[in-house]
Amino acid sequence: MKLVKIFFLIILLTLSTAIAPTPTIANNTRDIEAEQTKNMDNPPVIEAQEKKFNIFSLVYTLKGDVHIRHKTRSITADFAEYKLTSQEVKASGNIEFQDGNFAATCDRLYAPTRADRVDLMGNIVFRKNDVTIYADNASFNWNSKIATFENNVTVDNNGTKKQYNTVQYKVTTGEFL
């Protein structure tokens, strides 16, 4: 009787593993872009040395020389995760973020695209023309074009440096609010 139960258990396990889908690993940028195009009108371009796509979680895991470009925005990082369903990006390591005519570097980035903002964390250096802003934390609102810098903020405006707790900067006009 025990032998019959073990036999049926082995058959059941064999059938369940044969039927269960395995995660798809995208080996090139075209695979990733093709998958995204199915779900989006204007998909981002995603490049990395190592790219994996988990079909269960719908998350891309990107490692090494990561580049994500969408419209006028680009993110460069050592590591990133991109959630297809929510279109959000979490990145870390040597981050450079650009949007139009400004650039920022930081340690970590979170961009929940449906929330119309990007959050930058750790060792932030923001540059636009003759203005450089250093801070521990920052957020940028895509709609209002206002960047908010918090914690250990230093503003270098044409060589004049000042310290603040919080600074708001209108990127389109170059005004401090």
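Analysis parameters
Residues numbered from 1 in each chain as written. Predicted model: local features only at pLDDT ≥ 70, side-chain atom pairs only at ≥ 80, totals over all residues. Heavy atoms only, no water. Helix = DSSP H or I, 4+ residues; strand = E, 2+ residues; numbered from the N terminus. Contact = heavy atoms within 4.5 Å. Areas by Shrake-Rupley, 256 points an atom, 1.4 Å probe, with all protein chains shown as cover. 1 Å grid on protein atoms, 1.4 Å probe; cavity = no way out; pocket = protein on both sides within 12 Å on 5 of 7 lines; lining within 4 Å. Points joined across faces, edges and corners; volume = space filled by probe spheres on them. Nonpolar A, V, L, I, M, F, W, Y, C, P; charged D, E, K, R; others polar.

Here we come to the overall build of the chain. Counting its regular elements, the chain contains two helices and 11 strands. Secondary structure elements of the chain, listed N to C terminal, follow the sequence α-α-β-β-β-β-β-β-β-β-β-β-β. Taking the intrachain contacts of the chain between residues at least 6 apart in sequence as the baseline, contacts between residues at least 24 apart amount to 30%. Of the roughly 10600 Å² of accessible surface on the chain, a fraction of 52% belongs to carbon and sulfur atoms.

We now examine empty space enclosed by the protein. Any empty space left between the atoms is revealed when a probe the size of a water molecule rolls over them. Evaluation of the coordinates by the stated rule reveals one cavity of 30 Å³ or more. Counted as a void, the largest cavity has a volume near 50 Å³. For the largest cavity, the full set of lining residues is F97, F102, A104, L120, F126, A138, S139, F140, A147 and F149. Listing elements by their share of the lining of the largest cavity, those giving two or more residues are β6 (102-112), β7 (117-128), β8 (131-141) and β9 (146-157). The leading source of residues in the lining of the largest cavity is β8, at three residues. Looking at the lining of the largest cavity, its residues break down into nine nonpolar, one polar and no charged.

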